[in-house]
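# Secondary and tertiary structure notes
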Amino acid sequence: MRINKIVLGYLLIISFVVSACHRSGDDNQSQSDSTIYVRDSLILQTEHPMLIDFRMFVHDLDSTDMNSAALAVDHFHKFFEGQRPGLCDSAFVVLQQLLDTIETNLNEKLYEDSTDYSPLMNGENVSPKLSRYRNNLLKSGFKMSFTEGMPYIEQDREFVLLQLSDMFTEPMKAYLAQIELENREGFAQDAFITIEPEKYIERLVWYEKFMAANKTFVFLDNCKNYRKAYLTYLLSGMDNSPLYDDVDHLQLAEYYAKAYTYLLKKYPDSETAGLVRPYYDAIRKKQKSEVNALYKKYVVGGHVYNFQ
């Protein structure tokens, strides 16, 4: 399997990178999840003991075994049921790191596997062995999907959302619901953007608003990466969804024209609109050097990836 989804489809987001930060899901978390000691003018901060215990438990699990995911989720309940939502947010960072690692390891195994998984894609003549494998994946919070006819394993975002979301802060609930929605709706298939342009813009603006309202969110870096990837494809296109119908004459493809127009009309004062507006103007004026200069400026500014 060529892991196209992990590398590209969601670039998105670079194997769902999870930073090991312990920033608060709410304003008071740093006080209750850590103990502060003042000694000789030095401030030493230690983790909440429950986080340490849960991290040790997760560390001892086999990250090559899909069953470890269900075990970790079950123990998450036992460790943190009834605890503060902010503490649960911090603990979920640990759990998510495990799920990401298991996902990567399962895909590495799949890459070396010679089994024909196409019956799972076609839904026909599924052998008992394949059926058991698919069911075990689902019970563990994963599922098999296909891109360009090739199988890959991804997290079933609904698995965690349904079992744990009631324990989290409102920002974490909103974040997990958004990730599950995007996973269910998809974004690109075979390097072709599959969502409607209006929905594309709504995702971008959602991240912009969410990050502005939750500046200490534990997965803030993830949100930045998602938004950066989405904006990159919006301004550079994708292999089978090219930005231009005629690149030599800067003839913008209808899809992107619709997306830009929708953004500028519905969210004219957004930061995203502020980036897209001069870019779109330069394209319409056929100013190729200005288009290139703006893209380079956005790369340097950290707004987009250097895909051009």
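Just so it is clear, the model here is predicted, and its values are computed rather than measured.

Rules of the game
- Residues numbered from 1 in each chain as written.
- Predicted model: local features only at pLDDT ≥ 70, side-chain atom pairs only at ≥ 80, totals over all residues.
- Heavy atoms only, no water.
- Helix = DSSP H or I, 4+ residues; strand = E, 2+ residues; numbered from the N terminus.
- Buried < 20%, exposed > 50% of the residue type's maximum accessible area, 1.4 Å probe, protein only.
- Contact = heavy atoms within 4.5 Å.
- Areas by Shrake-Rupley, 256 points an atom, 1.4 Å probe, with all protein chains shown as cover.
- Expected span 1.5 Å × (residues − 1).
- Arc of directions from axis to C-beta.
- Salt bridge = Lys/Arg side-chain N within 4 Å of Asp/Glu carboxyl O.
- Axes fitted to C-alpha atoms, helices over the stretch in contact; angles between N-to-C directions.
- Parallel < 35°, antiparallel > 145°, perpendicular 65-115°, else oblique.
- Nonpolar A, V, L, I, M, F, W, Y, C, P; charged D, E, K, R; others polar.
- Left-handed = near helix turned anticlockwise from the far one by under 90°.

## Considerations on the overall build of the protein chain
Within the protein chain one finds 14 helices and ten strands. Here the protein chain holds 308 residues, and the buried ones make up 49% of them. The long-range fraction of contacts in the protein chain, counting pairs at least 24 apart against all pairs at least 6 apart in sequence, stands at 64%. Total accessible area on the protein chain is roughly 15,500 Å²; 51% of this is exposed by carbon and sulfur atoms.

## Considerations on helix H14 (residues 288-300)
Across its 13 residues, H14 extends 19 Å between first and last C-alpha, which sits within 8% of the 18 Å expected from 1.5 Å per residue. For H14, every residue scored as buried is listed here: Val291, Leu294, Tyr295 and Tyr298. Down the axis, H14 shows its buried residues gathered within 100 degrees of arc, on one side only. What points out from H14, more than 90 degrees from its buried face, is the exposed set Ser289, Lys296, Lys297 and Val300. Contact partners of the buried residues in H14: helix H11 (220-236), strand E9 (244-246) and helix H13 (271-284).

## Quick look at the pattern of salt bridges
Scanning all chains against the criterion turns up ten salt bridges. Among the salt bridges present, the one from Glu271 reaches Arg227, with a minimum N-O distance of 3.8 Å. Of the two residues, Glu271 sits in helix H13 while Arg227 sits in helix H11, which places them 44 residues apart along the sequence. The partner of Glu254 in a salt bridge is Lys258, with the nearest N and O atoms 3.4 Å apart. Linking Glu254 with Lys258, this pair stays in helix H12 (residues 254-266), spanning four residues, or about one helical turn. You can call Glu254 exposed: its relative accessible area is 54%. Its relative accessible area of 43% is what places Lys258 among the partly exposed residues. One salt-bridge network, in which partners are shared between bridges, spans Glu185, Lys199 and Arg203.

## Considerations on the packing of H11 against H12
Two elements in contact, H11 and H12, have axes whose closest approach is 9 Å; the angle formed by their N-to-C orientations is 125 degrees. For the element pair H11 / H12, the angle class is oblique. Contacts between H11 and H12 involve Tyr233, Leu234 and Leu235 from the first element and Tyr256, Ala259 and Tyr260 from the second. For the contact of H11 with H12, the per-class residue count stands at six nonpolar, no polar and no charged.

## Quick word on the packing of helix H10 (residues 197-213) against H11
Closest axis-to-axis distance for the H10/H11 pair is 10 Å, and the angle between their directions is 145 degrees. As H10 packs across H11, the resulting crossing turns out to be left-handed. Facing H10, whose interface residues are Tyr200, Ile201, Arg203, Leu204, Tyr207, Glu208, Phe210 and Met211, H11 presents Leu220, Cys223, Lys224, Tyr226, Arg227, Tyr230, Leu231, Tyr233 and Leu234. Here the contact of H10 with H11 is composed, by residue class, of 13 nonpolar, no polar and four charged.

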